[in-house]
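Per-entry structural report
Residues per chain, in single letters:
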Amino acid sequence: MRKPGGWWRRKSTPAKVETYTRWSFHFFAVIYVASVGLPVFGQVTGELAVWLVLLVCVHAVMCAVTASRALDWTRGRREQPVRTLWVLGAVTLAIAVAVIGIAERGPHDDGLDMATGAVLAGVLTFAAGIGALGVRRRRRVLALVCGFAAGAALGGFPLGHALPESLVTGVVVLVAAGFLAFTSVFSVWLLNAVYELDTARETRARLAVAEERLRFGRDLHDVMGRNLAVIALKSELAVQLARRGREEALDQMTEVQRIAQETQREVRDVVRGYREADLGIELTGARGVLTAAGIDCEVTGEPDGLPAEVQSALGWVVREATTNVLRHGDAKRCVVAVLREEERVVLTVENDGVLSSPGAGGSGLAGLRERLAAVAGTLEAGPVREGVFRLVARVPLVAGEGIA
């Protein structure tokens, strides 16, 4: 059974920001109805109040739909919602005309004038602010805001407002719509920035892997390139000597054999260097990688003096644990501790922000158990409390102790 709120914890940071942004604009629609629509009931009675509130609700729903489609366009999930923006503009115009009609044909009292004026200003303000989500250039956003502000000022004349009062209404809409449009543009920028940062972090990890592969290739080239060239030259020399029936050909082939065996040994040393992990180096690397990813990493304990096979096994544990912290969660803090007990060493890696557990049966953890088993070690991994994952490796200080 999933715990309440688990869907939120399983989301990545960019997905959380997107969900927060999306629902913020949906909440704006609720604020719109509460601040512009509901006060109408205190100013107007009867069917006119119901119609005005209904118009506000319809416009709020249209704004919410436009915001959702504009955010989808921002994330590249659909084309620019040009048709939706035009529909929003048409609905806004129709509601503005309807509000002006209600004001002209309804009873002439101050309550109705105030209600229709507030509804008209609110409709134009939210249309401009939400519409800014669907455009990109600043000039278009500015033109959109100024256009609706001018519409608010001109709309005051049919409502019976004097010129100063109409200008004030236009300025109020200009400021309110400008603020809402700025909020929309800034929210889109922030959402894109978060996704770009997440993509950059993934790219950095891929580049690190590619750099490691290049380094491995360079090492192999340095080891084998020179020796293979010597082998080729001596083999050619041996062939020429053999054709002439000279005994030195045997010496050259013996030298070729020696160089080939030496090359095999050097290649094994290079590969062994990649297969064997130094615990101190791995701890330093883990701290650097996690810190670069924005995770506060604390490392305690000294790995110096541990047997080579123990350091190699625990070094692989640190590698896999670091990968899990980056891959399976949204950690803010990670603690790595190396503790020496009487006859064994204990490595503990604990991190928060767990979105998905690597699981006890994962291939990475299974591989670690095999490596630790080779030195009589054990591995425990799993959640210790909500959102916190702990990995504990125990290895005897004497490698192979306890193996029958």
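**Structural notes on the packing of helix α3 (residues 47–74) against helix α4 (residues 82–105)**
Running from amino to carboxyl end, α3 crosses α4 at an angle of 165°, the nearest separation of the two axes being 10 Å. The orientation of α3 relative to α4 falls into the category roughly antiparallel. In this structure, the crossing between α3 and α4 has a hand that is left-handed. Touching Leu48, Leu52, Leu55, His59, Met62, Cys63, Thr66 and Arg69 of α3 are Thr84, Leu85, Val87, Leu88, Val91, Thr92, Ile95, Ala98, Val99 and Ile102, all from α4. Considering only residue class, the contact of α3 with α4 consists of 13 nonpolar, four polar and one charged.

**Observations regarding the packing of aromatic side chains**
Between two aromatic rings, the relevant description is the distance of the centres plus the angle of the planes. Considering all chains together, one arrives at four aromatic pairs under this definition. The interplanar angle of 20° and the centroid separation of 6.2 Å between the aromatic rings of Phe182 and Phe186 together place this pair among those described as stacked. A residue pair is termed a helical-turn pair when its members lie 3 or 4 positions apart in one helix, as Phe182 and Phe186 do in helix α7 (residues 163–243) at four residues. Classification of Phe186 by relative accessible area gives partly exposed; the value is 41%. Among the aromatic residues, those joined into a cluster by ring pairs are Phe182, Phe186 and Trp189. Lying across the ring of Trp316, Arg319 places its NZ or CZ 4.4 Å from the centre. Here Arg371 stacks its cationic end above the ring of Trp316, 4.0 Å away from the centre of that ring.

**Comments concerning the sheet that holds strand β3 (residues 344–351)**
Adjacent strands of a sheet pair through backbone hydrogen bonds, lying either parallel or antiparallel. Across the sheet, five strands lie side by side as β1-β2-β3-β5-β4; this open sheet has mixed pairing. Bordering the open sheet on either side are β1 (296–300) and β4 (378–385), each of which pairs with just one other strand. With strand direction ignored, the average angle separating the axes of adjacent strands in the sheet is 10°. In this sheet, β3 lies alongside strand β2 (residues 333–340) in antiparallel orientation, the contact comprising seven bridges. Its bridge partner lying in β3, Arg340 is registered against Val345.

What counts, and where the lines are drawn
Residues numbered from 1 in each chain as written. Predicted model: local features only at pLDDT ≥ 70, side-chain atom pairs only at ≥ 80, totals over all residues. Heavy atoms only, no water. Axes fitted to C-alpha atoms, helices over the stretch in contact; angles between N-to-C directions. Helix = DSSP H or I, 4+ residues; strand = E, 2+ residues; numbered from the N terminus. Parallel < 35°, antiparallel > 145°, perpendicular 65-115°, else oblique. Left-handed = near helix turned anticlockwise from the far one by under 90°. Contact = heavy atoms within 4.5 Å. Nonpolar A, V, L, I, M, F, W, Y, C, P; charged D, E, K, R; others polar. Phe/Tyr/Trp six-rings, centres within 6.5 Å; stacked < 30°, edge-to-face > 60°. Buried < 20%, exposed > 50% of the residue type's maximum accessible area, 1.4 Å probe, protein only. Lys NZ or Arg CZ within 6 Å of the ring centre and 35° of its normal. Pairing = 2+ DSSP bridges.

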